[in-house]
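Report on the structure
What follows is the residue order along each chain.
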Amino acid sequence: MPHTFHFQKTLPKLPVPSLKETCSLYLQSLVPLLSPDKFKETEKIVCEFESSALAHSLQQRLLDIEKNSTYNWLEETFWLKKAYLEGRACLMVNSNCYTLGKDDITHPKVLLETPLNAVKSGEFTHYQIRRAAHLILRGVDFNNIIQRGTLPIEMLRGNQVQCMHQYRRVFGVTRIPMPHCDSILQHDPSKYSHITVLVRDQVFRLDTCDGQVLKTVDAIEKELLDIVGYVQHLKTPEAPISLLTSWHRDSWAVARNHLLALDPSNRESTDIIEQSLFTVSLDDHTQGDDPSLQAKTIMCGHQGIGNGHNRWYDKCSNLVIENNGKCSASGEHSPLDGFIGSYFLDHLIKEPCPGPFNPQVVKSTPSNVHHLKWKIDATIEKALEEAQIAADVVATNSDVGVLIFDDFGSSWVKNNARVLPDAFYQMAIQLAYYRFHDKQTAVYESASTRKYLHGRTETIRSFTSDSKRFVEAMQDKNIENSTKYSLLVKAANTHEEYSIRASNGHGCDRHLLALYTLNSDHKMMSEDGQMKEVQLHSIFKDPSFSQSQQWLLTTSSLHAGVRLMGSGFGAVHPDGYAINYMPDSHVVKFGIESKFTSKSSSTADLMKNMTNALRDMREICDQSSKEMVKAKL
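What counts, and where the lines are drawn
Residues numbered from 1 in each chain as written. Predicted model: local features only at pLDDT ≥ 70, side-chain atom pairs only at ≥ 80, totals over all residues. Heavy atoms only, no water. Helix = DSSP H or I, 4+ residues; strand = E, 2+ residues; numbered from the N terminus. Buried < 20%, exposed > 50% of the residue type's maximum accessible area, 1.4 Å probe, protein only. Contact = heavy atoms within 4.5 Å. Areas by Shrake-Rupley, 256 points an atom, 1.4 Å probe, with all protein chains shown as cover. Lys, Arg positive; Asp, Glu negative; His and termini not counted. Charge placed at Lys NZ, Arg CZ, Asp CG, Glu CD. Pairing = 2+ DSSP bridges. Expected span 1.5 Å × (residues − 1). Axes fitted to C-alpha atoms, helices over the stretch in contact; angles between N-to-C directions. Phe/Tyr/Trp six-rings, centres within 6.5 Å; stacked < 30°, edge-to-face > 60°. Polar contact = N/O pair within 3.5 Å; in protein donor to acceptor, adjacent residues only side chain to side chain. Salt bridge = Lys/Arg side-chain N within 4 Å of Asp/Glu carboxyl O. Parallel < 35°, antiparallel > 145°, perpendicular 65-115°, else oblique. Nonpolar A, V, L, I, M, F, W, Y, C, P; charged D, E, K, R; others polar.

Helix and strand counts for the protein chain come out as 19 helices and 22 strands. In terms of overall dimensions, the protein chain has a C-alpha envelope of 75 × 75 × 55 Å along the principal axes. Among the 633 residues that make up the protein chain, the fraction classed as buried is 58%. Sequence-distant contacts, at least 24 apart, represent 77% of the contacts inside the protein chain between residues at least 6 apart. Of the accessible surface of the protein chain, which amounts to about 25,900 Å², a share of 51% is contributed by carbon and sulfur atoms. Averaging the positions of the 68 positive and the 74 negative side-chain charges in the protein chain gives two centres separated by 3 Å.

With that settled, the discussion passes to the pairing of strand E7 (residues 202–207). Where strand E6 (residues 194–199) lies against E7, six bridges are found, and the strand directions are antiparallel. Its bridge partner lying in E7, Leu 198 is registered against Val 203. Connecting E6 to the antiparallel partner E7 that follows it, the hairpin turn spans two residues, and Arg 200 within it adopts a positive phi of roughly 50 degrees.

Right, let's talk about helix H6 (residues 217–232) for a bit. The end-to-end C-alpha distance of H6, which contains 16 residues, comes to 22 Å, matching closely the 22 Å that a straight helix rising 1.5 Å per residue would cover. All of the buried residues in H6 are Val 217, Ile 220, Glu 221, Leu 224, Leu 225, Asp 226, Ile 227, Val 228, Gly 229, Tyr 230 and Val 231. Each element contacted by the buried residues of H6 is listed here: helix H5 (126–148), E6, E7, strand E10 (279–282) and strand E13 (370–371).

Looking now at helix H16 (residues 509–519). With nine of its eleven residues buried, H16 lies for the most part within the structure. Residues of H16 that are buried include every one of Asp 509, Arg 510, His 511, Leu 512, Ala 514, Leu 515, Thr 517, Leu 518 and Asn 519, and no others.

With mixed pairing, the six strands of this open sheet are ordered in space as E14-E22-E21-E19-E15-E16. Two strands lie at the open edges of the sheet, namely strand E14 (398–405) and strand E16 (457–461), each paired on one side alone. If you compare each strand with its neighbour and ignore which way they point, the axes differ by 20 degrees on average. Pairing of strand E15 (residues 443–448) with E16 involves five bridges; the strand directions are antiparallel. Bridge pairing links Ala 447 to Glu 458 in E16. Strand contacts of helix H13 (residues 421–437): E15, strand E19 (553–557), strand E21 (577–583) and strand E22 (588–595), with the helix running at about 145 degrees to E21, the strand carrying the most contacts.

The subject of this paragraph is the sheet that holds E7. The sheet built from eight strands is open, its strands ordered E13-E7-E6-E10-E11-E12-E1-E20 with mixed pairing. One side of each edge strand has no neighbouring strand; the edge strands of this open sheet are E13 and strand E20 (564–568). Bridge analysis of strand E1 (residues 96–101) against E20 gives four bridges, and the strand direction is antiparallel. Along E20, the bridge assignment pairs Gly 101 with Leu 564. Relative to the sheet, H6 contacts E6, E7, E10 and E13, its axis offset from that of E7 by approximately 160 degrees. The sheet contacts of helix H8 (residues 264–275) involve E6, E7 and E13, and relative to E6 the element is tilted by about 110 degrees.

Moving on: the packing of aromatic side chains. With the rule as written, the count across this model stands at 26 aromatic pairs. Where Trp 79 meets Tyr 84, the ring centres are 6.1 Å apart and the plane angle is 85 degrees; that geometry is what we call edge-to-face. Take Trp 79 and Tyr 84: they sit in the same class, and that class is buried. Through a chain of ring-to-ring contacts, three or more aromatic side chains come together here, namely Phe 405, Phe 408, Trp 412, Phe 424, Tyr 425, Tyr 581 and Phe 590.

Another aspect to go through is the environment of Ser 246. Relative to the helices and strands, Ser 246 is located in the loop between H6 and helix H7 (249–262). Expressed as a C-alpha distance, the spacing of Ser 246 and Cys 300, which sit 54 residues apart in the sequence, is 8.7 Å. In contact with Ser 246, not counting residues within four places along its chain, are Cys 90, Met 92, Gly 308, Tyr 313 and Ala 391. There is a polar contact of 2.7 Å between the side chain of Ser 246 and the backbone oxygen of Leu 243.

With that settled, the discussion passes to the pattern of salt bridges. Tallying each qualifying case throughout the model produces 33 salt bridges. One salt bridge connects Arg 249 with Asp 314, and the closest N-O pair in it is separated by 2.9 Å. In this pair, Arg 249 sits in helix H7 while Asp 314 sits in the loop between helix H9 (291–300) and strand E11 (318–321), placing the two residues 65 residues apart along the sequence. By sharing partners, the salt bridges in this structure join Arg 88, Arg 175, Asp 182, Arg 249, Asp 250, Asp 314 and Glu 332 into a single network.

The description of two helices packed together rests on the angle between their axes and the distance between the axes. Interhelical geometry of helix H12 (residues 410–417) versus H13 gives an angle of 100 degrees and a closest axis separation of 9 Å. One finds that H12 runs roughly perpendicular with respect to H13. Residues Ser 410, Trp 412, Val 413, Lys 414 and Ala 417 of H12 pack against Pro 421, Phe 424 and Tyr 425 of H13. Its residues placed into classes, the contact of H12 with H13 shows six nonpolar, one polar and one charged.

Burial of the side chains of strand E4 (residues 173–176) extends over both faces: Val 173 and Arg 175 are buried on one face and Thr 174 and Ile 176 on the other. Bridge count for E4 against strand E5 (residues 183–186) is four bridges, and the pairing is antiparallel. When the bridges of E5 are listed, Ile 176 appears paired with Ser 183. The loop that links E4 with its antiparallel partner E5 comprises six residues; one of these, His 180, has a positive phi angle of about 75 degrees.

Below, the discussion takes up the side chain of Asp 283. In this structure, Asp 283 sits in the loop between E10 and H9. Within the local environment of Asp 283, its side chain forms a polar contact with the side chain of Asn 310, the two groups lying 2.9 Å apart.

So, in structure tokens, the structure goes:
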């Protein structure tokens, strides 16, 4: 088997699309969004831009950037900063994404009962600690596999090598708050073997090795029990500094700088956290067996202590184990995409937890542990108060839900609907939105560009003229099911064509982002040889430009996730939805988030409409199949 990174040097670099193809695709995507008159206005602006000296000057500047890029012109110059690091909103909900793990086959049933009587808030259980120890060692094992290069190379459609670079960013990576624009700090995960453990906002270092020898699950379990016992008997806890990682990025940047300047020991503590492979949060609380409530816990912090607590949101990989033994993972999205992050948790829970499986409550005695200390002052105390207020606002506003749709899955879609599952689910999302909101909207779907070196994503503009016609037809009782099915097939084929184009690096959004960014500080030579700054072109000031990127539906899909119970992220628009889905053979898991403050959106209502849309689409496909069979007789 070839080394994990064997083909990295052979991968092509992400291409720069031509002005012609980007402008053409952009205009095509505007047809279903705009009135005919408005489209004509925009078409004139776009055509003028395509032929302008400014556009060609910007394109040549971009081509120079591409030629001088080490790996990927988009990631190195534009994407990380514009999509993530310049964002000033808090990472909690807004930038961290989550994945929910299934219960272990060894899970004590008493810990899954509703209502849960076996354990109360404020208590830890032995099974929770045992499973945490097992998952920690599985996490270290995953890192070792990556370091050895024995992680199998991912292939698309059987033979298309995918870039494996993002797996280098699973461990030892932290997003550092900085004024105006954050930075990504990566420590070499081959040089460190410790993790960070958070218990009731107290932060601990846990070494997973004795020298070069990996500790046993029993040894890790004992150290976790020692940490729990220490916290249970702790009379004067340290300040909940982890809460600050849930705060507005500029605010946290200033507070962190102040914290580090107070005392050298604070830098020592942050260094230990940032050098650690990943973090593990042990919550002495659970909200039970409801995946929607579990999603709230992983997104918004320890719900027994308060929003934003017992998490280090800056870390790329975070594991959370509730006191009923349920586990989930979250991670900062900027260093890697959700697909990679979900495989982190998938590997952790792939092997069952070894016994014993004791559901009893932990009653430990205090022991010596490596407790990280913080020197604080009145300024940090005030910052913590402000961070708590902000965390409460963000968490209270987050309307998160998980829909487990098990009427059918991708096997039925392939065999009966005879369209690609991703296109089918995209049409269902648009139909559900239309039924609930009585309007259609621009839809963002991420397409992987990992066929290229350091590839990340491109936008699939899923709302097309064909999807619009299909959705409208579904609401018309006078249209035959056979016609509706034909429209579904056409919309699905159009979606597939765009998806392939985007995955090949020839979507329009990343190219337009680069041209827009360059235009903001571009200079050209005038006819008399003078250097002059150029104004932002009207294509970028045209209302159609912003309207087409007003993503009221932000969507993405992951792998089937047979060991996972769903995944999700926060909505990017205050009146919109974030929808992630995991399409398995016989079930589809949707993670949906919107905002309670919105007067129009509702996660619960959209989930109801999603269920009905999927069932109605199945009906037209089944009816069409029956009619085709009759026609052959």
